[in-house]
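Descriptive structure summary
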Amino acid sequence: MEVVISDRSAALAADAVEALVRGNPGAVLGLATGSSPLPAYRELVRRHDAGTGPSYDGVRCFLLDEYVGLPPGHPQTYRETIFRELTDALGIARDRVASPDPADPEHAGPRYEETLRAAGGVDLQVLGIGGDGHLGFNEPGSSLASATRIKTLTERTRRDNARFFGSVDEVPRHVLTQGLGTILRARHLLLIASGAAKAEAVAAAVEGPVSASCPASVLQLHPHATVLLDDPAASRL
Ligand code: GLP
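Residues numbered from 1 in each chain as written. Predicted model: local features only at pLDDT ≥ 70, side-chain atom pairs only at ≥ 80, totals over all residues.

The name given to the protein in an unreviewed UniProt entry is Glucosamine-6-phosphate deaminase, with the source organism recorded as Nocardioides aquiterrae.

Below, the structure written as structure tokens:
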């Protein structure tokens, strides 16, 4: 695992995405939502608008996770979020952005795994980390070999994500998430974390034992994982 402590995480993450797409215009990007990757997404959009980025016409995207129970088109669905924050601005057609289907949560997992396989798998998976070490929506206790499936959120994660909603009561209880086994199949994992609130989870993920009690510790099992941290997020290493 490569750990980079830098105040230029957004630029470094954007460099990694652009280098991949320049080398492989048909690359498959795995995209996380949440606040951690946002500065990197803004940097990609800024470069695209400035005319210095690559063409994203041939790129395909796969979302890491999605809420179950929000009406289609709700601004806090991860699908709408990623359109708004990244893919529309990069000119990636919406039908090239795949996500697990919350309308059919029972079958969505296996179908999503099949779509991922048919696309050849994810080349670069962007990840954040939850304050409890969750990856995607794989909460502590998730099987290290898990596939895309429906999960129930912990109260802590619902509270953490309440800032995107009017109140915690509006945060869905169920989600679909790529499993830890799914995430590990991506060819390059790029985890971005910033702020002291992530320091403990980052330390457990990077230096603790590989354990379901810290789902992000699976990065230690991956042959090509990069962790981009600012100083506060690295403060417990
Ligand atoms: C959510 C998402 C994760 C994300 C995590 C951290 O629960 N499902 O993919 O990594 O929160 O979010 P943030 O980056 O906003 O701290």
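Still to come is the rest of the account.
1. Examining the site of the ligand
Close to the ligand lie 13 residues; A32, G34, S35, S36 and G128 are nearest. Of the residues contributing to the shell around the ligand, the split by class is four nonpolar, eight polar and one charged. (Near = placed C-beta within 6 Å. Nonpolar A, V, L, I, M, F, W, Y, C, P; charged D, E, K, R; others polar.)

2. Observations regarding the UniProt feature "domain: Glucosamine/galactosamine-6-phosphate isomerase" (unreviewed entry) in the protein
The feature "domain: Glucosamine/galactosamine-6-phosphate isomerase" (unreviewed entry), as given by UniProt, occupies residues 7–220 in the numbering adopted here. As annotated, residues 7–220 has a helix share of 36% and a strand share of 15%, and its two end C-alpha atoms lie 23 Å apart. (UniProt positions renumbered as here; feature names shortened; annotations may be inferred. Helix = DSSP H or I, 4+ residues; strand = E, 2+ residues; numbered from the N terminus.)

3. As for the sheet that holds strand β7 (residues 149–152)
The strand order across the open sheet built from three strands is β4-β8-β7, with neighbouring strands paired in antiparallel fashion. Where the open sheet ends on each side, the last strands, each with one partner, are β4 (65–68) and β7. This sheet shows a mean twist of 30° between the axes of neighbouring strands, independent of strand direction. Relative to strand β8 (residues 174–177), β4 runs antiparallel, the two sharing four bridges. Across the sheet, residue Y67 finds its bridge partner in β8, namely V175. On top of the sheet, helix α4 (residues 105–118) reaches β4, β7 and β8; it is set at about 15° to β8, its chief contact. (Pairing = 2+ DSSP bridges. Axes fitted to C-alpha atoms, helices over the stretch in contact; angles between N-to-C directions. Contact = placed C-beta atoms within 7 Å.)

4. A few points about the sheet that holds strand β5 (residues 97–98)
Read across the sheet, seven strands follow the order β1-β10-β9-β6-β2-β3-β5 without closing on themselves; strand pairing throughout is parallel. In the strand order of this sheet, the two ends are held by β1 (2–5) and β5, each with one partner. Bridging between strand β6 (residues 124–127) and strand β9 (residues 188–193) involves four bridges; their strand directions are parallel. The residue of β9 that forms the bridge with V126 is L190.

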